[in-house]
Amino acid sequence: MTMASEGVVIPAQAPGGGRSPAPGCFVALGDSLTEGLGDPVPGGGWRGWAALLAEALGERPGSVPLVKLARSGALAADVAERQLPVARALRPRFAALLVGANDTLRAAFAIERVAAALDRAHGALSADGAVVLTACLPDPGRMLGLPAPLARPLGRRMRAVNTVVHAVSARYEGVHLHLAEYPWVTERASWSVDRLHPSERGHRLLARGFHTALATVGLPVGPPPALTLDGPAPTRAGAALWMATRGTRWVADRCTDLLPGLLGLAVQECRHGLAGSGRLLDAAADHATRSALSALPRTDGAGTGKDTGTARGAATMAG
């Protein structure tokens, strides 16, 4: 194991390559949200909510090392296929599983594939004895301020992902945050200049949210992560400059194959809006989500919550 400059423990080799596992660690799986984008550290790199939370886990500060596997752009399938095997080899005590927003930005979005990947990852980590942390995520279309015909299809997809995350967390009795409902989510100061990743303040608030949830269910935690900022807060001028110089390219990179399909979805949205039948699109999305949850393999044993259509069994925290 090696220590990165921002205090994050990094696995030295892939499983089978001679690396010594670190039982009792905190493994952070996911995408750029958990990688820490929006919360830079001196000298380059990202800190983020997982590193802030890691310092507050365990019987004494810093006693639970963090292994950050999250990578920018990761899809749910990437987590299940690439990050999960590394995480399981480490035998973590805690595991973060926040992913799904990037899936909503792909033309090939299929909620059944997202559900299968999340269920596989959450189920395996829980079976290994890890405390799994999950969260419902904000709507990317709303965060970017897209026009309604473009934002509504993305919002529908994000609601489907959040429904699946909530149900799967309940199924395996994970620790779940209704992040999309937290009051600070709507505050501009909580977001970086790209409008999609938390600012340092947002990362600190997310870390404190998980800290509170863990303490509520009786798991060992120390003092909560501080809210005092190390760096400057984002400004409106900085946000405008980022959008003008880098924002369009950033969004295009994340929506590689989505734009033509999204325009088609926008046309469909407008047609249903004019006909007053937008509820049919909502109903179709709800049906697809229920079908995706129903298709998950049944499980046996205590703490597995066979009914994936309910939130029973998960430790949840609303903002």
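Bear in mind that the values here come from a model prediction, so they are computed numbers and not experimental data.

Undergrad: When you look at the overall build of the chain in this model, what are you seeing that I'm missing?
TA: Across its full length, the chain holds 10 helices and 8 strands. Across the chain, contacts joining residues at least 24 apart in sequence account for 76% of those joining residues at least 6 apart. In the form shown here, the chain has an accessible surface area of approximately 14200 Å², with 56% of it arising from carbon and sulfur atoms.

Undergrad: Explain the packing of helix α3 (residues 76-89) against helix α4 (residues 111-127) to me, please; I cannot follow it from the model alone.
TA: Angle between the axes and distance between the axes: these two values describe a pair of packed helices. Packing of α3 against α4 leaves a shortest axis separation of 8 Å and a crossing angle of 15°. By the criterion of interaxial angle, the relationship of α3 to α4 is roughly parallel. In terms of crossing hand, the pair formed by α3 and α4 is left-handed. Mapping the contact onto sequence places Ala76, Ala77, Ala80, Glu81, Leu84, Ala87 and Arg88 in α3 and Val114, Ala117, Arg120, Ala121, Ala124 and Leu125 in α4.

Undergrad: Can you walk me through the environment of Val131 in this structure?
TA: Considering the arrangement of structural elements, one finds Val131 in strand β6 (residues 131-135). When the C-alpha positions of Val131 and Glu173 are compared, they lie 8.7 Å apart, and in sequence the two are 42 residues distant. In this view, Val131 contacts Arg93, Phe94, Ala95, Val175, Leu214 and Leu219; residues no more than four positions away in its chain are not counted.

Undergrad: What's the story with the layout of surface pockets in this structure? I'm lost.
TA: Think of a ball as big as a water molecule: rolled over the atoms, this probe shows where empty space is left. Taken as a whole, the second largest pocket encloses approximately 320 Å³ of empty space. Looking at the second largest pocket, it is lined by 15 residues, and the ones nearest its centre are Phe109, Arg156, Arg157, Ala285 and Ala288. Mapped onto the lining of the second largest pocket, the elements with two or more residues apiece are α4, α6 (148-171), α9 (259-275) and α10 (278-294). At 5 residues, the largest contribution of residues to the lining of the second largest pocket is made by α10. Residues of the lining of the second largest pocket, tallied by class, amount to 10 nonpolar, 2 polar and 3 charged.

Undergrad: Before we go on, may I ask you to explain the pattern of salt bridges in this structure?
TA: Between side chains of opposite charge, a pair can form when the charged atoms approach closely. Scanning all chains against the criterion turns up 11 salt bridges. Arg47 serves as the salt-bridge partner of Asp230, at 2.7 Å between the closest nitrogen and oxygen. Here Arg47 lies in the loop between α1 (32-35) and α2 (49-54) and Asp230 lies in the loop between α7 (200-216) and α8 (236-254), a separation of 183 residues in the sequence. A relative accessible area of 14% places Arg47 in the buried class. The salt bridge partner of Arg171 is Asp119, with a shortest N-O separation of 2.5 Å. One end of the pair, Arg171, is in helix α6; the other, Asp119, is in helix α4, and 52 residues separate them in sequence. Like Asp119, Arg171 is buried. Put simply, Asp39, Arg47, Glu200, Arg204 and Asp230 are held in one network by salt bridges that share partners.

Here is what the cut-offs are and how they apply
- Residues numbered from 1 in each chain as written.
- Predicted model: local features only at pLDDT ≥ 70, side-chain atom pairs only at ≥ 80, totals over all residues.
- Heavy atoms only, no water.
- Helix = DSSP H or I, 4+ residues; strand = E, 2+ residues; numbered from the N terminus.
- Contact = heavy atoms within 4.5 Å.
- Areas by Shrake-Rupley, 256 points an atom, 1.4 Å probe, with all protein chains shown as cover.
- Axes fitted to C-alpha atoms, helices over the stretch in contact; angles between N-to-C directions.
- Parallel < 35°, antiparallel > 145°, perpendicular 65-115°, else oblique.
- Left-handed = near helix turned anticlockwise from the far one by under 90°.
- 1 Å grid on protein atoms, 1.4 Å probe; cavity = no way out; pocket = protein on both sides within 12 Å on 5 of 7 lines; lining within 4 Å.
- Points joined across faces, edges and corners; volume = space filled by probe spheres on them.
- Nonpolar A, V, L, I, M, F, W, Y, C, P; charged D, E, K, R; others polar.
- Salt bridge = Lys/Arg side-chain N within 4 Å of Asp/Glu carboxyl O.
- Buried < 20%, exposed > 50% of the residue type's maximum accessible area, 1.4 Å probe, protein only.

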